[in-house]
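Fold and contact review
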Amino acid sequence: QGQAARVARLVALHDPKTNAVTKAKPRAVAGRCAATIEVELSGAGETVVVEEYARCRPLGRVALRDGGATLAVGVVTKVLE
């Protein structure tokens, strides 16, 4: 069972091979791209158990899904309060 969330901000696009930032504050992310995004939980008081990937690999993996379709997969690089 997942939690309701939304993409709050697109931070940057990255080169998938070097991880270098190719564009800051992009307007959109195309398929098969690497990006840094901020995700915000929709409900007040909702929590989700995550950890930075570097600290705990199993809790640092995420998937964004909508209606049974996977939109994106990635790793947690930083947890914001």
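Here the structure is shown first, and the text comes after it.
Rules used in this analysis
Residues numbered from 1 in each chain as written. Predicted model: local features only at pLDDT ≥ 70, side-chain atom pairs only at ≥ 80, totals over all residues. Heavy atoms only, no water. Helix = DSSP H or I, 4+ residues; strand = E, 2+ residues; numbered from the N terminus. Rg over C-alpha atoms; globule rule 2.2 N^0.38 Å. Buried < 20%, exposed > 50% of the residue type's maximum accessible area, 1.4 Å probe, protein only. Contact = heavy atoms within 4.5 Å. Lys, Arg positive; Asp, Glu negative; His and termini not counted. Charge placed at Lys NZ, Arg CZ, Asp CG, Glu CD. Pairing = 2+ DSSP bridges. Patch = residues over 30% accessible without salt bridge, like charges linked within 9 Å, V, L, I, M, F, W, Y side chains within 5 Å. Areas by Shrake-Rupley, 256 points an atom, 1.4 Å probe, with all protein chains shown as cover. Salt bridge = Lys/Arg side-chain N within 4 Å of Asp/Glu carboxyl O.

Side note on the overall build of the protein
Per the secondary structure count, the protein includes 0 helices and 5 strands. Mapped in sequence order, the helices and strands of the protein form the string β-β-β-β-β. Taking 12 Å as the expected radius of gyration for a compact globule of 81 residues, we find that the protein reaches 13 Å, a close match to that expectation. Judged by the C-alpha coordinates and their principal axes, the protein covers about 35 × 30 × 25 Å. For the protein, with 81 residues in total, the buried portion stands at 7%. Contacts in the protein between residues at least 24 apart in sequence constitute 39% of all its contacts with a sequence separation of at least 6. One way to put it: in the protein the 12 positive side-chain charges average out to a point 9 Å from where the 8 negative ones average out.

Let's talk about the pairing of strand β5 (residues 69-75)
Along any regular strand the residues' side chains alternate between the sheet's two faces. When strand β4 (residues 61-66) meets β5, the two strands line up antiparallel, connected through 6 bridges. Within the sheet, the bridge partner assigned to arginine 61 lies in β5 and is valine 75. Counting the residues that bridge the hairpin from β4 to β5 gives 2 residues, and of these glycine 67 lies at a positive phi of roughly 60°.

Points about a nonpolar patch on the surface
On the surface, Val7, Ile37 and Val39 cluster together to form a nonpolar patch covering roughly 210 Å² of accessible area. The topology assignment puts valine 7 in strand β1 (residues 5-14).

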